[in-house]
Amino acid sequence: MAEAQIVLSHSRESGIVAIASGEQYPWAHTALAESGFQRDDDGVWHLPADGTQTTVVDLVTCAKRHRASVHTSSRRFIGDAARDLARLLPGQWRASVEIYAHPAWQEDLVPWIWDSGDLGRAVQSERIPYAAVLTDVAQGTMLLVVERPGSHLGYLVGAFSPEGLEEGYGDPHAPRSIVLPPFPGRAAQALTARYLPAYEQAVHARQTAAIAGVLGDIRSEHDTWQATSASGSYIDATPLSAGALGASSELFLDHAWRRFLTVVDHAPTLLDRCRPANSPWPDDASALSRLADAVSDAQALLDEIVHGDAVPEQERRARAWPAIETWLTDGDAFLRQARLSAPHRRPALPVTAPARPLAAARPAHRNR
């Protein structure tokens, strides 16, 4: 493969467009600029409206001088395909194009792709010089859409890691990417009926697991701290001084607060879904109420730390611990309720658009 490549495709809105890639992609940029193409904010090169076929022929000649190869895609421009899909999804979605001109930029995607299917494998093993990103403006959900490797039709769609859960690569809770058909209406139906419900259920499970892990860690450290404080000595039986005991307590409380911020981030959404009256444990309602109050107190403290006057460390520890202790006490009630309250599948989206072919944030493209 040439060290610099130019892929030409057709856009309904912009006419002929070009995307440059390869380890020496600047050579392709030079050829495009000399041939009269102009680059937009997404890094896509456009042939001006007054351009002619001769300009494209000149591009091929110019590209050879700059050691870049020119290819014509059989697909429609991926930006058009993504925008058509975004318009048909429920809610408000924004479509954008990302370019991974240098192969190393594609490697930056790997830790951010939250997928247990073909998309995750493709990002690691196939050359993907460009993609489209669909962003749910209200929810913040970000989906990656790529042309399906090895096929002239269809797309792969998967998700970026949700905000606050940026350990997507290898996560056992990650949803499985799906193949989208080359028709916008059917693609939107597949996303709405199949992928988005699976994604929401995976986020719910991942958030629940994150909180369970945090509570387990804090509880383990709390038990160790209590045992040390009660014995008045370290594990090796070395006596603890009063100063060392105080420092040990402060260290435990500081670690617990930092970990508890995961609960503050994710618990409110999960608590809202819990319906103890409809569960085998209706008496959990009082515990969930206490947990919600504790999170509210912690949120108020965090807001004061971030946006208000400085909160002295001793005051922060004293105010944070009651909320943490409440979650250590009643956390099991939350976990069993949360595991019962995963989001339900959405109703299927009717196909309202004609079935015409689409032929054609975590790292963004670099405009260099």
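Everything below is about the structure shown above.
Reading the values: rules and limits
- Residues numbered from 1 in each chain as written.
- Predicted model: local features only at pLDDT ≥ 70, side-chain atom pairs only at ≥ 80, totals over all residues.
- Heavy atoms only, no water.
- Buried < 20%, exposed > 50% of the residue type's maximum accessible area, 1.4 Å probe, protein only.
- Helix = DSSP H or I, 4+ residues; strand = E, 2+ residues; numbered from the N terminus.
- Pairing = 2+ DSSP bridges.
- Contact = heavy atoms within 4.5 Å.
- Axes fitted to C-alpha atoms, helices over the stretch in contact; angles between N-to-C directions.
- Polar contact = N/O pair within 3.5 Å; in protein donor to acceptor, adjacent residues only side chain to side chain.

Draft legend 1. Representation of the pairing of strand β2 (residues 15-21). Taking burial as the measure, the seven residues of β2 include five buried ones, the bulk of the element. Bridge count for strand β1 (residues 5-11) against β2 is seven bridges, and the pairing is antiparallel. Each bridged residue has a counterpart across the sheet, and for L8 the counterpart in β2 is A18. The turn joining β1 and β2, which pair antiparallel and follow one another in sequence, is formed by three residues. Of the strand pairs in this sheet, β2 and strand β4 (residues 45-46) are connected by two bridges, and their pairing is antiparallel. Paired with V17 across the strands is H46, a residue of β4.

Draft legend 2. The pairing of strand β8 (residues 130-136), seen in detail. Of all seven residues that make up β8, seven are buried, and the element is covered over most of its length. Both faces of β8 are covered, namely the face carrying Y130, A132, L134 and D136 and the face carrying A131, V133 and T135. As judged from the seven bridges shared by strand β6 (residues 93-99) and β8, these two strands associate in the antiparallel manner. Opposite E98, over in β8, you have A131 as the bridge partner. In terms of strand pairing, β8 meets strand β9 (residues 142-147) through four bridges, oriented antiparallel. Residue pairing in the sheet places T135 in a bridge with M142 of β9.

Draft legend 3. View of the sheet that holds strand β5 (residues 69-76). On the basis of which strands lie adjacent, the open sheet formed by five strands has the order β3-β4-β2-β1-β5 and mixed pairing. Each edge of the open sheet is held by one strand with a lone partner, namely β3 (38-39) and β5. Across the sheet, helix α1 (residues 25-34) touches β1, β2, β3 and β4, and the angle it forms with β2 is around 155 degrees. Contacting β1 and β5, helix α3 (residues 78-88) crosses the sheet at an angle of about 25 degrees to β5.

Draft legend 4. Spotlight on the environment of H222. Along the chain, H222 turns up in helix α6 (residues 184-231). Counting along the chain gives 27 residues from H222 to S249, while the straight-line C-alpha distance between them is 9.6 Å. For H222, the contacting residues outside a window of four places in its chain are F252, W321 and L328.

Draft legend 5. Highlighting unusual backbone geometry. Positioned with a positive phi, R67 is a non-glycine residue whose angle comes to about 55 degrees. Here R67 is to be found in the loop between α2 (53-65) and β5.

Draft legend 6. Examining the side chain of S279 more closely. Within the secondary structure layout, S279 lies in the loop between α7 (242-273) and α8 (284-307). When its relative accessible area of 12% is taken as the criterion, S279 is described as buried. A distance of 3.0 Å separates the side chain of S279 from the backbone nitrogen of W281, its partner in a polar contact. Polar side-chain contacts of S279 include one of 2.9 Å to the side chain of Q337.

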